[in-house]
Amino acid sequence: MTHDLNQTFKQILFYSFSVFFIFSCGEKTKRTEAAPEISERVNDTFFQEPFRPQFHFSPEEKWMNDPNGLVYHQGTYHLFYQYYPEDIVWGPMHWGHATSQDLIYWDHQKVKLFPDEHGYIFSGSAVVDHQNSSGFGTLENPPLVAIFTYHNAEMAEKKRIDYQTQGLAYSLDNGQTWTKYKNNPVLNNPGIIDFRDPKVFWHEDSKKWIMALAVKDHAEFYASPNLINWSKLSEFGKDAGAHGGVWECPDLFRLKVEGTDTYKWVLIISINPGGPNGGSASQYFIGDFDGSVFSADHEDIKWIDHGADNYAGVTYDNAPGGKKITIGWMSNWNYAQQTPTVKWRSAMTLPRELSLVSEEGKYWLRSKVIDAFNKLLIPIKEIESYDLKETFKFSDERLELSQTTFRTKLSQDLSFKLSNDLGEFVMFRIDPEKMEMSFDRRESGKTDFTENFADKIHILPYHVSEKEVDIRIILDRSSVEIFADKGKYVMTEQIFPNSPYTELEIKTEKETLLTPININQIKTIWKK
Ligand code: FRU
């Protein structure tokens, strides 16, 4: 039901903006120069609006959704993203752009891909074409190639079903200027409404480019020698995984299982609605890919993040050391367009490195905030061992931007609370009876901008109780990210407190628990 509403809402927007853009995009595609570096523009008011994240990426203004075209090239990490430069709600999609040397400090760049006669620019990916297989560059200067979905709103309005196709653009100056391929689209629509979000990678064994595509209720895989001509290989998922909503934003990659010589393939699929705590979320499958067909090893449903606010995350192409680094959109289609910000809307998650472990005879993904993040930490309080038979309480203005770490046993109840002087709070709990972690934001601050932001406590079931684990909780004014057991259990959640959270409490009903507690302040990335 919610899905239908969401889709209907998006459709109405698609239709109503189409005519305007068909006529106005030709000239706009030329606006591609870089914006001035952030360091030249910061002052005391820059990025100081209420709720503005201080160490997560957010656009300077207007609407943002999915991360797109995540690629590393010649020392620069690119972050493109779904962007509507005219308003703080979803509209005709462009690719906004930001760059970083370390995935921590970002420079905002000018909008790079504008809608054209084929449609809006929906989500997609970018690769470094090292061998110049596409012929757009040279071996000495390999092109960056972006493959994205064209969404033709005019066709959609005419009730056609084949309005989503895949288009291509390339850059020969490391992402600063882009040329759209003259014979776009490179992949036509076979007659299906949801046909989008191409994620492309080079498959070394078969020496081919592979594209994973989200097609309504399944993923499809395509192959190409040159990024231009694509042929269909296979389908996966009609009868696997969660199906509470439409499949979107796939990603397929190989990871080594930690501590072994085994490699497995991971397929990430975002789904909206149908997430474990309502609305949008990302599930994943572990299995094998033989260059043509993906098969999963398991029947259970696995979620990358059980929080309400991590969607459409995919991994970087060409990241140094072959690392699999992901960034997600820190929101949820359930309420993304209603959150109480004014100048801009929504932020990205912190960049997280994915790893694969084998436990209890199953494979699990772990998400760990990239190590470079640690350079933002300033120690506030370090306790070697605290006995929780007395509640731990700490009050400090700097908590508003902070990281708290401690250890606990999953067989022990525990609650962790952040609150402000208005009595607003969030609570993270571990309940060993139910074998559940949970996050409660019902009294977190502004919640009434929509019905389903604070309607229930969010739940994360866990699997092994006899284990001591690390807990890491990161607060950035309007978001909380929780990582337990080295990132096997993750919850990412937005909050909108009416005054900053400056108090912290950790307690257990059990008699005793000894834990180290470390609290760090986190520096803003918007001042260098
Ligand atoms: C996911 C998504 C994608 C689509 C884009 C449109 O959030 O719906 O499937 O390409 O957003 O903005």
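Details of the structure are given in the entry above.
Here the structure is a predicted model, which is why all the values come from computation and not from measurement. Note that residues are indexed from 1 along each chain, following the sequence as it is written. Only residues with pLDDT of at least 70 get local features here, since the model is predicted, and only at 80 or more are side-chain atom pairs given and counted; chain-wide, interface and lining totals rely on the full set of residues. Heavy atoms from the whole structure form the basis of all side-chain values; hydrogens and water molecules are not counted.

## Here we look at the overall build of the protein chain
Part 1 of the argument: Check the secondary structure of the protein chain and you find two helices and 34 strands.
Part 2 of the argument: Computed over C-alpha atoms, the radius of gyration of the protein chain comes to 23 Å, within 12% of the 24 Å expected from 2.2 N^0.38 for 528 residues, which places it in the range of a compact globule.
Part 3 of the argument: Along the three orthogonal principal directions, the C-alpha set of the protein chain runs to about 70 × 50 × 50 Å.
Part 4 of the argument: Between buried and exposed lies partly exposed: a residue is buried under 20% and exposed over 50% of the maximum accessible area for its type, with that area taken using a 1.4 Å probe on protein chains only. In the protein chain, which comprises 528 residues, the proportion classed as buried is 62%.
Part 5 of the argument: Considering only contacts within the protein chain whose residues lie at least 6 apart along the sequence, 63% involve residues at least 24 apart.
Part 6 of the argument: We treat Lys and Arg as the positive residues and Asp and Glu as the negative residues; His and chain ends play no part in the count. Lys charges are placed at NZ, Arg charges at CZ, Asp charges at CG and Glu charges at CD. Counting 57 positive and 75 negative side-chain charges, the protein chain places the averaged centre of each group 2 Å from the other. The secondary structure listing takes helices from DSSP runs of H or I that are at least 4 residues long and strands from runs of E that are at least 2 residues long, numbered from the N terminus. Computation of the radius of gyration draws on C-alpha atoms, with the globule rule given as 2.2 Å multiplied by the number of residues to the power 0.38. Whether two residues are in contact is decided by their heavy atoms, any of which lying within 4.5 Å being enough.

## Thoughts on the pattern of salt bridges
Part 1 of the argument: Throughout this description, the term salt bridge denotes a Lys or Arg side-chain nitrogen within 4 Å of a carboxyl oxygen of Asp or Glu. Enumeration over the complete set of coordinates arrives at 35 salt bridges.
Part 2 of the argument: For Asp297, the salt bridge identified is with Lys264, shortest N-O distance 2.9 Å. With Asp297 in the loop between β16 (294–296) and β17 (302–303) and Lys264 in strand β14 (residues 263–272), the pair connects residues that are 33 residues apart, well separated along the chain.
Part 3 of the argument: Judged by its relative accessible area of 42%, Asp297 falls in the partly exposed class.
Part 4 of the argument: In this structure Lys264 comes out as buried when scored by relative accessible area, which is 8%.
Part 5 of the argument: Lys323 serves as the salt-bridge partner of Glu353, at 3.9 Å between the closest nitrogen and oxygen. With Glu353 in strand β21 (residues 352–359) and Lys323 in the loop between β18 (311–315) and β19 (325–329), this residue pair connects regions lying 30 residues apart in the sequence.

## Digging into the nonpolar core
Part 1 of the argument: Here, nonpolar core refers to any group of buried Ala, Val, Leu, Ile, Met, Phe, Trp, Tyr and Cys residues whose side-chain atoms link them within 4.5 Å. Phe55, Phe57, Trp106, Tyr316 and Phe373 are the most contacted members of the largest nonpolar core, which has 50 residues in total.
Part 2 of the argument: No other element matches strand β2 (residues 76–84), which puts five residues into this core.
Part 3 of the argument: Throughout the structure description, domain borders are defined by an automatic or database domain assignment. When residues of this core are sorted by domain, at least three fall in each of domain 1 (8–29 + 60–231 + 304–349) and domain 2 (371–522).
Part 4 of the argument: Formed by 35 residues, the second largest nonpolar core is a distinct cluster that contains Tyr386, Met437, Val469 and Ile473.

## Focus on the sheet that holds strand β5 (residues 120–128)
Part 1 of the argument: Any two strands with at least two DSSP-identified bridges between them are counted as paired. Pairing is antiparallel across the open sheet formed by four strands, whose spatial order is β5-β6-β7-β8. The open sheet has two edge strands, β5 and β8 (179–180), and neither has a second partner.
Part 2 of the argument: Relative to strand β7 (residues 164–171), strand β6 (residues 144–151) is paired through eight bridges, and the arrangement is antiparallel. From the neighbouring strand, Thr149 faces β7, where its bridge partner is Gln166.

## What to know about the environment of Phe416
Part 1 of the argument: Mapped onto the elements, Phe416 comes out in strand β26 (residues 414–419).
Part 2 of the argument: With relative accessibility at 3%, the residue Phe416 sits in the buried group.
Part 3 of the argument: Taking the C-alpha atoms as reference points, Phe416 and Arg477, separated by 61 residues in sequence, lie 17 Å from one another.
Part 4 of the argument: The residues touching Phe416, leaving out its near neighbours within four places in the chain, are Thr404, Phe406, Val426, Met427, Phe428, Ile473, Leu504, Glu505 and Ile506.

## A closer look at the side chain of Lys112
Part 1 of the argument: Within the secondary structure, Lys112 is located in strand β4 (residues 107–113).
Part 2 of the argument: Although buried, Lys112 forms no salt bridge, and the nearest oppositely charged side chain, Asp173, lies 7.7 Å from it.
Part 3 of the argument: A polar contact is formed between the side chain of Lys112 and the side chain of His97, at a distance of 2.8 Å. Under this definition, polar contacts are N or O atom pairs within 3.5 Å; protein pairs additionally need one hydrogen-donor-capable and one acceptor-capable atom, and for neighbouring residues in sequence, both atoms have to be side-chain atoms.

## As for the pairing of β7
Part 1 of the argument: β7 sits mainly inside the fold: eight of its eight residues count as buried.
Part 2 of the argument: Residue alternation in β7 divides its side chains into two sets, Gln164, Gln166, Leu168 and Tyr170 and Thr165, Gly167, Ala169 and Ser171, and both sets are buried.
Part 3 of the argument: Relative to β8, β7 is paired through two bridges, and the arrangement is antiparallel. Bridging from a neighbouring strand, Ala169 pairs with Lys180 of β8.

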